[in-house]
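Below, each chain spelled out in residue letters.
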Amino acid sequence: MAILQRWLYKQLLLNVKDLSINYRKGNKSVSALQEVSISVSKGEVVAVVGESGSGKSTLGLAIMQLLPPPASVSSGEIILSGKNVLSMPRSEARKECGSMVSMVFQEPVSYLNPVMKVGDQISETLMIHENISKREAISKAIHLFRRVKIFDPERVYNYYPHQLSGGMAQRACIAMAIACGPSLMIADEPTTSLDLTIQAQVLHLLKELREEMQMAMILISHDLRVVSGMADRVVTLYAGRVAEEGTVSDIFHEPKHPYTRALMRASGLGNLDRTYDVGGSLPDLANPPSGCRFQPRCPFAFEPCGRQPPENRMKEDYRVYCWLYDKKEGKGEDSS
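Note that residues are indexed from 1 along each chain, following the sequence as it is written. In keeping with the predicted nature of the model, local features appear solely for residues at pLDDT of at least 70, side-chain atom pairs appear and are counted solely at 80 or more, and the whole-chain, interface and lining totals rest on all residues. Computation of side-chain values covers all heavy atoms of the structure but excludes hydrogens and water.

Asks: I would appreciate a short explanation of helix H11 (residues 258–266) in the present structure.
Replies: Since there are 3.6 residues in each turn of an α-helix, residues three or four apart along the chain are aligned in direction. Most of H11 is tucked away: 7 of the 9 residues are buried. Note on definitions: a residue-residue contact is assigned when non-hydrogen atoms from the two residues lie within 4.5 Å. In this text, helices come from DSSP runs of H or I with a minimum length of four residues, and strands from runs of E with a minimum of two, each type numbered from the N-terminal end. Looking at the buried positions of H11, the neighbouring elements they touch are strand E3 (45–49), helix H9 (224–228), strand E9 (233–238), strand E10 (241–247) and helix H10 (248–253). Two residues or fewer after H11 comes Gly 268, characterised by a positive phi angle close to 75 degrees. Throughout this description, buried means an accessible area under 20% of the type-specific maximum (1.4 Å probe, protein chains only), exposed means over 50%, and partly exposed covers the range between.

Asks: Whenever I open this one, the nonpolar core confuses me. Can you help?
Replies: In summary, soluble globular proteins display a tendency toward joint burial of nonpolar side chains. To define a nonpolar core, start from buried Ala, Val, Leu, Ile, Met, Phe, Trp, Tyr and Cys residues and group those joined through side-chain atoms within 4.5 Å. Phe 145 and Phe 252 are the most contacted members of the largest nonpolar core, which totals 66 residues. With 7 residues, the single largest contributor to this core is helix H7 (residues 166–178). Setting aside its immediate chain neighbours within four residues, Phe 252 contacts Leu 224, Val 227, Ser 228, Val 234, Met 264 and Leu 269. Listed in part, the 36 residues of the second largest apolar core include Met 64, Ala 71, Ile 218 and Leu 237.

Asks: Explanation requested: the packing of aromatic side chains in the structure shown.
Replies: Pairing of aromatic rings covers Phe, Tyr and Trp, the last through its six-membered ring, and needs centres within 6.5 Å; plane angles under 30 degrees mean stacked, over 60 mean edge-to-face, and all others mean tilted. Inspection of every chain in the model, using the stated rule, returns 4 aromatic pairs. Ring geometry for Phe 105 against Tyr 111: centres 3.8 Å apart, planes inclined by 10 degrees, an arrangement best described as stacked. The class for Phe 105 is buried, based on a relative accessible area of 14%. Residue Tyr 111 is classed as partly exposed on the basis of its relative accessible area, which comes to 48%. Measuring from centroid to centroid gives 5.0 Å for Tyr 238 and Phe 294, while their planes differ by 80 degrees, and the two rings are edge-to-face. Placement of Tyr 238 in strand E9 and of Phe 294 in the loop between H11 and strand E11 (319–320) is noted, with a sequence separation of 56 residues between them.

Asks: Explanation requested: the pairing of strand E4 (residues 71–80) in the structure shown.
Replies: Every other side chain in a regular strand lies on the same face of the sheet, so the side chains alternate between the two faces. As defined by bridge partners, strand E1 (residues 12–25) adjoins E4 across 8 bridges and the pair is classed as antiparallel. Residue pairing for E4: Asn 15 is matched across the bridge by Ile 79. If DSSP finds at least two bridges between two strands, the strands pair. Direction of pairing for E4 relative to strand E5 (residues 83–84): antiparallel, over a ladder of 2 bridges. Paired with Ile 79 across the strands is Asn 84, a residue of E5. As consecutive antiparallel partners, E4 and E5 are separated by 2 residues, and within that stretch Ser 81 has a phi angle of approximately 50 degrees, a positive value.

What follows is the structure, given as structure tokens:
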């Protein structure tokens, strides 16, 4: 299994390059993402972590070609299986992404049609994408319900969304997400609105399905405890920029960026002192600070931090955007 996983990981499925996204807010332009790059290989789980407002969901929606109208891509590429979907007409890009990528949202009931039976929502999707009959689609939808461990799937097929519990609604959304056999699933805070017992069940289900289908996943979360048991790699976003990226082992055993360390301490993970209790809040992205966006909150900030954004300071497979690791300045934790 380990050899198979390593072979799959060498096959790049998604490559987001220097993606920048702006929102219009009145007369202001809000920089939601700035030069964000992430990659996902086949069968791999990449977690994207950060506070609410850091740009995690915007990244997921951009990959799915579902950005709301006030948002626009100002630069960058989203390369899916070798094709830059941003260079395609919008309808073609949506079709390309829809056939390969699915998304599970944090408020499942909000994404189900309230006046349509849950089972019909899945069977209609199957009829459109797989060109099968109504009878075949109903049979497959019931099978999908059974696959995501919904009890009495024939009865639940005829439920309306308001009749579902939170956990059951999320399972129905997961069934819809895997219906057409996606290569990549984006799970956006999939357990946020659920109680702890149901959270554990849904996470276990996602893990089972990913392994069974050899499906890659982008797990969007603010909860590092969830990430620790699911991810292969972790990307930390802060105020729309990548702060750090490494394997889950590297990030959890020795996080380097002060913001990642603050997230670890807030989650009760790692052996970190109170230096990493970071107060304040995210900056105004309509008028972000110059230099490092984390600089106004960083307990280790020094002169270069306010001057210009830091570049990656680490080896190729580990990224840290922090002046503390800049040897040219002769300062910081990694200076010699």
